[in-house]
Amino acid sequence: MARGRGMERRAEIVRAALEVIAERGYRGASLSAVAERVGLSQQGLLHYFPTKEALLLAVLEERDQWDTGGCAGSDGVWPVALLASLVEYNAMRPGIVQTFSALLGESVTEGHPAREFFTRRYTQVRASMAAILRAEFGERLPGGLSPERAAPLLVAVLDGLQYQWLLDPEAVDMPSAFGDFLTLLRGPGATAEPEAPDTSTPLP
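Anyway, here's the lowdown on the structure attached to this text. This is a predicted model, so every value here is computed, not measured. (Residues numbered from 1 in each chain as written. Predicted model: local features only at pLDDT ≥ 70, side-chain atom pairs only at ≥ 80, totals over all residues. Heavy atoms only, no water.)

Quick look at the overall build of the chain
Reasoning step 1: In terms of helices and strands, the chain carries nine helices and zero strands.
Reasoning step 2: Along the chain, from the amino end to the carboxyl end, the secondary structure elements read α-α-α-α-α-α-α-α-α.
Reasoning step 3: Expressed as a percentage of the 204 residues in the chain, the buried residues total 40%.
Reasoning step 4: By sequence separation, contacts in the chain at least 24 residues apart represent 63% of the contacts at least 6 residues apart.
Reasoning step 5: Of the accessible surface of the chain, which amounts to about 11200 Å², a share of 54% is contributed by carbon and sulfur atoms. (Helix = DSSP H or I, 4+ residues; strand = E, 2+ residues; numbered from the N terminus. Buried < 20%, exposed > 50% of the residue type's maximum accessible area, 1.4 Å probe, protein only. Contact = heavy atoms within 4.5 Å. Areas by Shrake-Rupley, 256 points an atom, 1.4 Å probe, with all protein chains shown as cover.)

Observations regarding the environment of V87
Reasoning step 1: Of note, V87 is situated in helix α5 (residues 80-90).
Reasoning step 2: Judged by its relative accessible area of 7%, V87 is buried.
Reasoning step 3: Once residues lying within four places of it in the same chain are set aside, the contact partners of V87 are L158, M174, P175 and F178.

Topic: empty space enclosed by the protein
Reasoning step 1: Counted according to the given criterion, the structure contains two cavities of 30 Å³ or more.
Reasoning step 2: In this structure, the largest cavity encloses a volume near 80 Å³.
Reasoning step 3: Lining the largest cavity are A17, V20, I21, Y26, A29, S30, L31, V34, K52, L55 and L56.
Reasoning step 4: Contributions of two or more residues to the lining of the largest cavity are made by α1 (2-28), α2 (31-37) and α4 (52-68).
Reasoning step 5: Here the element with the most residues in the lining of the largest cavity is α1; it accounts for four residues. (1 Å grid on protein atoms, 1.4 Å probe; cavity = no way out; pocket = protein on both sides within 12 Å on 5 of 7 lines; lining within 4 Å. Points joined across faces, edges and corners; volume = space filled by probe spheres on them.)

Description of the pattern of salt bridges
Reasoning step 1: Throughout the structure, instances matching the rule amount to seven salt bridges.
Reasoning step 2: The closest approach of N and O atoms between E23 and R37, which form a salt bridge, is 2.9 Å. Here E23, found in helix α1, pairs with R37, found in helix α2; they are 14 residues apart in sequence, far enough to count as distant.
Reasoning step 3: Through salt bridges that share partners, E19, E23 and R37 make up one connected network. (Salt bridge = Lys/Arg side-chain N within 4 Å of Asp/Glu carboxyl O.)

Looking at the packing of aromatic side chains
Reasoning step 1: In total, this model carries three aromatic pairs according to the counting rule given.
Reasoning step 2: Residues F117 and F118 carry aromatic rings whose centres are separated by 5.3 Å and whose planes lie at 85° to one another, so their mutual orientation is edge-to-face. Each member of the pair, F117 as well as F118, is classed as buried.
Reasoning step 3: Cluster of aromatic residues (ring-pair linked, three or more members): F100, F117 and F118. (Phe/Tyr/Trp six-rings, centres within 6.5 Å; stacked < 30°, edge-to-face > 60°.)

In structure tokens form, the structure reads like this:
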């Protein structure tokens, strides 16, 4: 029972940290601000997360779990249609997207505690995108690129659309723009992405 309460408390702290980072950025966020938001002293928060860096990594890992849970097919590879659904879902949670994007931007600086996380994550994401493209198109996309060469472009579109949408959501329809990109990937004669299939497990 105590372990369950501890896990609930950790989850509450991670959610509060997400809020504080969204408001102030990682460098402007403090453990004391997070502790205050969940009704703890800073010393009490350190019982769950001994450093600010440990809390940051928990935030990033939790965010990735929300994105990946229940979305892969039986072979572990997401259908392209579910990628489009994830883009639609992200458009409904600007606070989470803003926090992740802000941390991604900050992480390119030397010594940032999230730099290793994002470097490792991009290696994994490129491999995942290549697997998605191979499942959809085989060894060559209609334009002639291999899945491995096209994968960084797909990742760039996903992240780049998020930044444009965050800056000007009225001008950039992120789900629609991603659908247009998938049409380009499919080549001449392709139609817009069909509606994503229903799944028993909702997107995070």
